[in-house]
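Geometric and topological summary
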Amino acid sequence: MNFTRGIYSRLAALLALALSCLNFPAADDVAAQTIDHDASWQVEADIRLKAIYDRGEFRAKNYRPTWLNDSSGFVIEETDADTQKLTRWFHNARTGERRVWGADEKLPESSDVRQSQHGTYRLEARDSKLLSVDQATQKEIVLVSNAPERDVSYRNARWSPNGSRVLFIEADYTDVRHRSVLMPSDPSYPEVQQHRFARVGGEIEKLRIGVVNAKGEQLSWLPIECPEEGIYLGQVEWAGNSDEVLVEKFSRFRNKRDFLLVTTDGHVQTIYSETNDAWVESSQGKNSGLVWIRGGQEFVVVSEKDGWRHAYRYSRDGKSEKLLTRGAYDIIDRAVIDETDGWYYFYASPKDGTQKYLFRVALDGTGEAQRMSPENQIGTHGYLFSPDANWAIHTYSTLDSPPVHALIEVDTHRVVSVLEDNDDIRQRMQSIAARPTDFLKLDIGSDIELDAWMIKPKDFDATKKYPLFIYVYGEPHAQTVLNEWGAAQIDFHRVVADLGYVVVSIDNRGTPAPKGAAWRRSIFGSLGPLSTEEQAAGLKALAKQCPFIDLARVGIWGWSGGGSNTLNALFRQPDDYHVGIAVVPKPQPHLYNAWFQEIYMHHRGVNPEGYQRSAPINFAEGLKGKLLIMTGSGETNTHIQIIEGLVDRLIALGKPFDYMVYPNRDHGLREGDGTLVHVRMRILRYLLENLPSGPR
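What you see is a predicted model; the values in this text were computed from it and never measured.

Looking now at the overall build of the chain. In terms of helices and strands, the chain carries 12 helices and 38 strands. Over its C-alpha atoms the chain spans a radius of gyration of 28 Å, differing by no more than 12% from the 26 Å that the globule rule assigns to 696 residues. Across its three principal axes, the chain shows a C-alpha extent of roughly 95 × 60 × 60 Å. Expressed as a percentage of its 696 residues, the buried residues of the chain come to 52%. Considering only residue pairs separated by 6 or more positions, the chain has 58% of its internal contacts joining residues 24 or more positions apart. About 31,900 Å² of surface is accessible on the chain, with carbon and sulfur atoms providing 49% of the total.

Here it is, written out as structure tokens:
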């Protein structure tokens, strides 16, 4: 046996020598020559990616002002041009003038602070205790504590309006199973850390609501009914007085919610309730909570019960109802209520789900919605309102134009002063963005139109064929097709395009676009099948609309849920996609967290077929193209073990693939020097190695 093995070794060596004499390059060398014929791409890409991720040269400045209670102006921390130190400045709302905010001037306090004639007290939760801390003396009063054998935390602590009581939520994680994670310490003997992880179908935290007086005495628990499987809590706060508490309660699957008024002596009244076969609140939480008006005599709540996300006005007892936002359109988000002038402000974009504008409608339910954002500013708008809603910090951006922040008068949208125009970023953009991003509508039949954006290479020639690289998410937590600065990793995708690819992103049904509840709930029961079908249909519609797309060179990539959809694309539509890069995917959704997955699929105990159809791992035998899976060993979201189950299955099937694990990195793959850039460079190299770039 050893003699035979030796003969084969010598023959192999002679063959290798002969091949080298004939100058036949090895397969790896051929690939290297193919992509490295112009190694300058690596230098240029590295420079651009470091500018994006290390130096933040395309990261727009955030404006987070603190408005004064009298709406006379706001305070914001800015860099002093002379000293280059962070300084607080006060901006006058009427004139736009600014001055240094004095060190002795006070800002409005948050809801966890109580001021009394005896001092100022702040609520703090730590070490399984809820404390009241005297800000002057730092003396602590233990309001609530827990038995040491229980794993308990306290949150949402609030003083009552009269300062006599504290409302809080207790979350008991004791029965939620631990998950072990290796920690970077001694390489030979790493430490193991335990994390509570509520898996699909498993135990979730137990919640209850308590009230205690300011001395830590007379603790009582509100009589909130809780089924064995558990509940979730949304808005929990004092209901405009010191004797009643507002509680928003969700069922475990979030297909039922109730607003309860609970007195501190235990009387419970339901003032609003709704159910939906799918869900009443998605992972984005756009429907959650209510807003009191008329001194607590009425409230405004957002619901999708008529098929659109609309605002309704109710009496305090919930018996009188009035629809405020009428029409076949969605509220994208709430803005503010101006009771003095009688306006309900909200965000919407009835004609295009990729954009966002400010609207208002009369608070009494009469009249039509009125657009407030300028008609000539197509894109995304945001507003940070003064307490009286007469003034706002207005932010406007597009996918290609960085935000402009301006102080405006709301009623007229008159600009009082421009606060920041990010002109330095705009100048940098001119040097790298050779052409604007295209926004497309893709008709895939059955009256379904998908939104998409497209970036073309800088030297684009419409008479030639280009490889296509698709960025996908496709799940209910986020849209990728938004006309907003910084959306969908757009800075990275511009680098990809300039390497000779047409880069596209498509939003299928099930994404949280403002296109009606039916659009968003179409994926209920099984995440994966519908998004895969519609992404493939969108690809074909795109090729018809854009003849320069080379359907023989199609790559796809995505992160998290987009990683899952990348796997589904390669496994279920293997003839349409040739290269896939799945970053931190969840190929086994039944092992994912209960909070997210159960909204859209419940659990396997009630929906086994949905989980079977959803899991990419069950379709791995379909893989034909090139696949790179990337993850971090320190994942706390889509755990590496969820992914390694797929790795084992691909090995068992004999499928070639590539696998990259970043040590001790979490879901964002950002920990450690150079990681953000390294991840993107790895994606670029894999793409260039396996999907030839440039026109043909």
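What follows covers the environment of Gly-510. Residue position: Gly-510 is located in the loop between strand 34 (502-507) and helix 6 (517-521). When residues no more than four places from it in sequence are discounted, the contact partners of Gly-510 are Glu-475, Pro-476, Trp-519, Arg-520, Ser-522 and Ile-523.

This paragraph deals with the nonpolar core. Counting residues in each nonpolar core, the largest one holds 48 residues, and the members touching the most others are Leu-49, Trp-557, Ile-581, Val-583, Ile-683 and Leu-684. The leading source of residues in this core is helix 12 (residues 675-690), at nine residues. Residues in contact with Leu-49, not counting those within four places in the same chain, are Asp-54, Phe-492, Val-495, Val-677, Arg-680, Met-681 and Leu-684. Residues Val-504, Ile-549, Ile-556 and Ile-629 belong to the second largest nonpolar core, which totals 42 residues.

So, about the side chain of Thr-631. Along the polypeptide, Thr-631 turns up in strand 37 (residues 626-632). Note on Thr-631: relative accessible area 0%, which makes it buried. Excluding residues that lie within four positions of it along the chain, Thr-631 makes contacts with Val-584, Thr-638, Ile-640, Ile-643, Tyr-659, Met-660, Val-661, Tyr-662 and Leu-669.

On to the environment of Val-181, then. Here Val-181 shows up in strand 11 (residues 178-183). According to the relative accessible area criterion, Val-181 is buried, its value standing at 6%. Each C-alpha atom, one on Val-181 and one on Thr-636, is 8.4 Å from the other, the two residues being 455 residues apart in sequence. When neighbours within four sequence positions are excluded, Val-181 is seen to be in contact with Glu-191, Val-192, Gln-193 and His-195.

With that out of the way, let us pick up the sheet that holds strand 25 (residues 357-362). Read from one edge of the open sheet, four strands run 23-24-25-26, paired in antiparallel fashion. Each edge of the open sheet carries a strand with a single partner, namely strand 23 (333-338) and strand 26 (370-371). As judged from the two bridges shared by strand 25 and strand 26, these two strands associate in the antiparallel manner. Bridge pairing links Arg-360 to Gln-370 in strand 26.

With 17 residues, helix 7 (residues 529-545) extends 25 Å between its outermost C-alpha atoms, agreeing within 8% with the 24 Å of an ideal straight helix rising 1.5 Å per residue. The element helix 7 is extensively covered by neighbouring structure, given that 12 of its 17 residues are classed as buried. Along helix 7, the positions that sit buried rather than exposed are Pro-529, Leu-530, Ser-531, Thr-532, Glu-534, Gln-535, Ala-536, Gly-538, Leu-539, Ala-541, Leu-542 and Ala-543.

How each quantity is defined
Residues numbered from 1 in each chain as written. Predicted model: local features only at pLDDT ≥ 70, side-chain atom pairs only at ≥ 80, totals over all residues. Heavy atoms only, no water. Helix = DSSP H or I, 4+ residues; strand = E, 2+ residues; numbered from the N terminus. Rg over C-alpha atoms; globule rule 2.2 N^0.38 Å. Buried < 20%, exposed > 50% of the residue type's maximum accessible area, 1.4 Å probe, protein only. Contact = heavy atoms within 4.5 Å. Areas by Shrake-Rupley, 256 points an atom, 1.4 Å probe, with all protein chains shown as cover. Core = buried A, V, L, I, M, F, W, Y, C linked by side-chain atoms within 4.5 Å. Pairing = 2+ DSSP bridges. Expected span 1.5 Å × (residues − 1).

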